[in-house]
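Structural characterization, general
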Amino acid sequence: QVQLVESGGGLVQPGGSLRLSCTASGNIGSINAMGWYRQTPGKQRELVATITSTGSTNYADSVKGRFTISGDNAKNTVNLQMNSLKPEDTAVYYCHADIIIRGGTYDYTRGYWGQGTQVTVSS
C-alpha cells in the first residue's frame, strides 16, 4: 500500500557532503513523521534524525550540527543534508515513515521502511 524510495547515497571523502532524499507514495492518509536511520554490519539500526509533520526535529547526538533534516508535506518527501561527513557515518541509511492509513470505517497507523541507500565515507 505504501512505498518509500530513497536516493542520494554514494561515496564521499571525509569532510564532504551528501544529500539523501526519500519520497513516500501509495495509500497515504497522512504522515505523522518521517526520519532517517542507519545500520552497519554487526550493529543495531540507530536513529539519525526525524521530523514531524509540524516541523519538530530530533537528531542523534553524533550528527547534531552536521546533519539537517527537512521535509515537504505536500510531496511526502524527507531530505537529509549531511555535511562534514566522517568515516563513522558509513552505513546503509533507511528512510522511515509513520503513516496513518484511512481504512473507511477505521484508520490504522504503522511504520514503513525504505530499501536503504549506501553511504560510504572514505579516503
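The rules we used
- Residues numbered from 1 in each chain as written.
- Predicted model: local features only at pLDDT ≥ 70, side-chain atom pairs only at ≥ 80, totals over all residues.
- Heavy atoms only, no water.
- 1 Å grid on protein atoms, 1.4 Å probe; cavity = no way out; pocket = protein on both sides within 12 Å on 5 of 7 lines; lining within 4 Å.
- Points joined across faces, edges and corners; volume = space filled by probe spheres on them.
- Helix = DSSP H or I, 4+ residues; strand = E, 2+ residues; numbered from the N terminus.
- Nonpolar A, V, L, I, M, F, W, Y, C, P; charged D, E, K, R; others polar.
- Disulfide = S-S within 2.5 Å.
- Buried < 20%, exposed > 50% of the residue type's maximum accessible area, 1.4 Å probe, protein only.
- Pairing = 2+ DSSP bridges.
- Axes fitted to C-alpha atoms, helices over the stretch in contact; angles between N-to-C directions.
- Phe/Tyr/Trp six-rings, centres within 6.5 Å; stacked < 30°, edge-to-face > 60°.
- Lys NZ or Arg CZ within 6 Å of the ring centre and 35° of its normal.

1. Thoughts on the layout of surface pockets
Taken as a whole, the largest pocket spans an internal volume of roughly 190 Å³. The wall of the largest pocket is formed by 16 residues, among which Ile 31, Thr 52, Ser 53, Asp 72 and Asn 73 lie closest to the centre. Of all the secondary structure elements, the ones that give two or more residues to the lining of the largest pocket are β4 (30–39), β5 (46–52), β7 (67–72) and β8 (77–82). When the residues that make up the lining of the largest pocket are grouped by side-chain class, the tally is 6 nonpolar, 9 polar and 1 charged.

2. Focus: the state of the cysteines
Inspection of the entire model under this criterion finds 1 disulfide. In this model Cys 22 forms its disulfide with Cys 95; the gap between the sulfur atoms is 2.1 Å. The sign of the S-S torsion, about -85°, decides the handedness of the disulfide formed by Cys 22 and Cys 95: left-handed. In this pair, Cys 22 is assigned in strand β3 (residues 18–26) and Cys 95 in strand β9 (residues 91–102), connecting sequence segments 73 residues apart. As far as burial versus exposure is concerned, Cys 22 and Cys 95 are alike and both buried.

3. A word on the sheet that holds β3
With antiparallel pairing, the 4 strands of this open sheet are ordered in space as β1-β3-β8-β7. Every other strand in the sheet has two partners, leaving β1 (2–7) and β7 as the edge strands with one partner each. The sheet shows a mean angle of 15° between the axes of neighbouring strands, direction not considered. As defined by bridge partners, β7 adjoins β8 across 6 bridges and the pair is classed as antiparallel. Across the sheet, the residue bridging to Gly 71 is Val 78, located in β8.

4. Focus on the packing of aromatic side chains
Under the criterion given, the structure shown has 3 aromatic pairs. When the centroid spacing of 6.4 Å and the interplanar angle of 90° are considered together, the rings of Tyr 94 and Trp 113 count as edge-to-face. Of the two residues, Tyr 94 is situated in strand β9 and Trp 113 in strand β10 (residues 107–113); the sequence distance between them amounts to 19 residues. With 6.5 Å between their ring centres and 40° between their planes, Tyr 106 and Tyr 108 make a pair best called tilted. Judged by its relative accessible area of 29%, Tyr 108 is partly exposed. The residue whose ring lies beneath Arg 45 is Trp 113, and the NZ or CZ to ring-centre distance is 4.5 Å. Stacked on the ring of Tyr 112, the Lys or Arg Arg 110 has its end atom at 4.0 Å from the ring centre.

Scope: geometric values only; no functional claims are made or implied.
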